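Descriptive structure summary
Single-letter residue listing:
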Amino acid sequence: MAKALVLAGGGAKGSYQIGVWKALQELDWQPEIITGTSIGSLNGALLAQGGYEQARNMWLTVNQDDILTLPQENSLTEISSFIHDTIQSGGMDVTPLEWIVTNLLDEEKLRNGSIKFGLVTVEKKTLKACELALDEIPEGELADYLMASAACFPALRPRTIDGKKFIDGGYRDNMPFNLAKRMGATELVTVDINGVGVVKPNHTGLPTIEVHSYWDLGDLLAVSRDKAERNMALGYNDTLRAFEKVRGTAYAIEPENAMEQLAALRKPYNAYMRHLADETVALELTEKAARTLFRAEDKPMAFLECAAKAAGVDPAPIYTVEELAKAFLEAYKPEDFQRLEGLFDADGPEALDVLRSVTDPQELVAAVAYRAWEPLFAPKEEKPFDIFED
């Protein structure tokens, strides 16, 4: 059995893939093959050569100027001049990025390593995909082909290799699982970061685990330490979820005792929902609409995740059910509840008027959850029992 890790392109979202790798190593899932497109090829090359710490540190320390040469001022004149020069020169200057690739890549180590590596780029003139295993790339030219795979034309300049111009592999194959199969893969883990590019249907027939994020991973070209830390955490969590080590759709939830703790939260939540549903059927339908956004296998905890998302709870940590409920109560703004408080005091027609002000069904779930759970987590001297104590 040959395991293959397939890394899609997606620019600055690529830090997510470093978190995926960390989780795979902890799960003892060791690939024999790594294929990638664009930023997926750059990450893949570093990981295949054993450079996890290098890749991680690169993402945590890199800044915008380290990747692209952008205008120093935001004046209209400066931006207009920058756009004009970019068009005239055929794309932005990627010399800073090339410096990073050249300094981090160890081609000899990669060629002598135990993990096979492959990438995808596209010949600009013919728009033909070039799927290349490392042994098909001439020695000494790997850095050029990595830069070609990530040359997101027309934003970035094409890469010229042996007289031919190449552009981003995402133009033809942003998720190179077919290349992985050609290189001998018998099972796949694919990592999608929602980049711009063509993702073909997976007709390989190989067992495949898909890792992707519920959350927006940010802009294609914007890099920062905070963004990288968040995306790495999400990649880590989503990999654990894909391997069924955590529950949840938007949030990573520890499975141990989860159903018992959920039952304790659901009881008061359902009591309020039944009361409100008696006032207006539309309210119950709105609440159900909010819960359709989550995976079928996670429906029992959808009401908790809806509430947490509406309150803006950070998705990066791994939570127990109790911790996520407390994080929701800490993040939820009382003024948001006050706007919908009339739901709990009004009768049918008045409740419907309040309901019409709800722009996101998850707002309703959060209001009900706040009303139901706030007394349960009051200070010890103010509450008669702890819902999570035996």
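Residues numbered from 1 in each chain as written. Predicted model: local features only at pLDDT ≥ 70, side-chain atom pairs only at ≥ 80, totals over all residues. Heavy atoms only, no water.

A separate point is a nonpolar patch on the surface. A cluster of nonpolar side chains, V196, L220 and L221, forms an exposed patch at the surface whose accessible area comes to about 260 Å². You can see L220 is positioned in the loop between strand 8 (208–211) and helix 10 (225–242). (Patch = residues over 30% accessible without salt bridge, like charges linked within 9 Å, V, L, I, M, F, W, Y side chains within 5 Å. Areas by Shrake-Rupley, 256 points an atom, 1.4 Å probe, with all protein chains shown as cover. Salt bridge = Lys/Arg side-chain N within 4 Å of Asp/Glu carboxyl O. Helix = DSSP H or I, 4+ residues; strand = E, 2+ residues; numbered from the N terminus.)

Here we take up the side chain of Q17. With respect to the helices, strands and loops of the structure, Q17 is situated in helix 1 (residues 15–26). Only 2.8 Å separates the side chain of Q17 from the backbone oxygen of A8, close enough to count as a polar contact. Apart from residues no more than four positions distant in its own chain, Q17 is found in contact with L7, A8, I39, G40, N43, V191 and I193. (Polar contact = N/O pair within 3.5 Å; in protein donor to acceptor, adjacent residues only side chain to side chain. Contact = heavy atoms within 4.5 Å.)

Look at D28: it is not a glycine, yet its phi comes out positive at around 60°. Here D28 lies in the loop between helix 1 and strand 2 (33–37). Positive phi outside glycine occurs at N194, with the angle close to 55°. With respect to the element layout, N194 can be found in the loop between strand 7 (187–191) and strand 8. Judged by relative accessible area, which is 61%, N194 ranks as exposed. (Buried < 20%, exposed > 50% of the residue type's maximum accessible area, 1.4 Å probe, protein only.)

Moving on: the packing of aromatic side chains. Applying the stated criterion to the full structure yields 11 aromatic pairs. Aromatic pair Y214 and W215: ring centres 5.5 Å apart, planes at 75°, arrangement edge-to-face. W215 sits in the buried class, given a relative accessible area of 17%. Ring geometry for Y251 and Y319: centres 6.3 Å apart, planes at 70°, overall edge-to-face. In this pair, Y251 sits in the loop between helix 10 and strand 9 (252–253) while Y319 sits in strand 10 (residues 318–319), placing the two residues 68 residues apart along the sequence. (Phe/Tyr/Trp six-rings, centres within 6.5 Å; stacked < 30°, edge-to-face > 60°.)

Overall, the coordinates contain 10 salt bridges when judged by the stated rule. With a closest N to O distance of 3.2 Å, E229 and R225 form a salt bridge. Of the two residues, E229 and R225 both sit in helix 10, 4 residues apart, roughly one turn of that helix. Judged by its relative accessible area of 38%, E229 is partly exposed. Given a relative accessible area of 44%, R225 falls into the partly exposed group. One salt bridge in this structure joins R247 and D298, with 3.3 Å as the shortest N-O distance. In this pair, R247 sits in the loop between helix 10 and strand 9 while D298 sits in the loop between helix 12 (281–291) and helix 13 (302–311), placing the two residues 51 residues apart along the sequence. Judged by its relative accessible area of 25%, R247 falls in the partly exposed class.

This part is about the pairing of strand 4 (residues 128–133). Looking at chain direction, strand 3 (residues 116–123) and strand 4 are connected through 6 bridges and run antiparallel. Within the sheet, the bridge partner assigned to V122 lies in strand 4 and is A129. The hairpin turn running from strand 3 into strand 4, its antiparallel successor, is 4 residues long, and L127 in that turn takes a positive phi close to 55°. (Pairing = 2+ DSSP bridges.)

Fair warning: the whole summary comes from geometry, so function is off the table for now.
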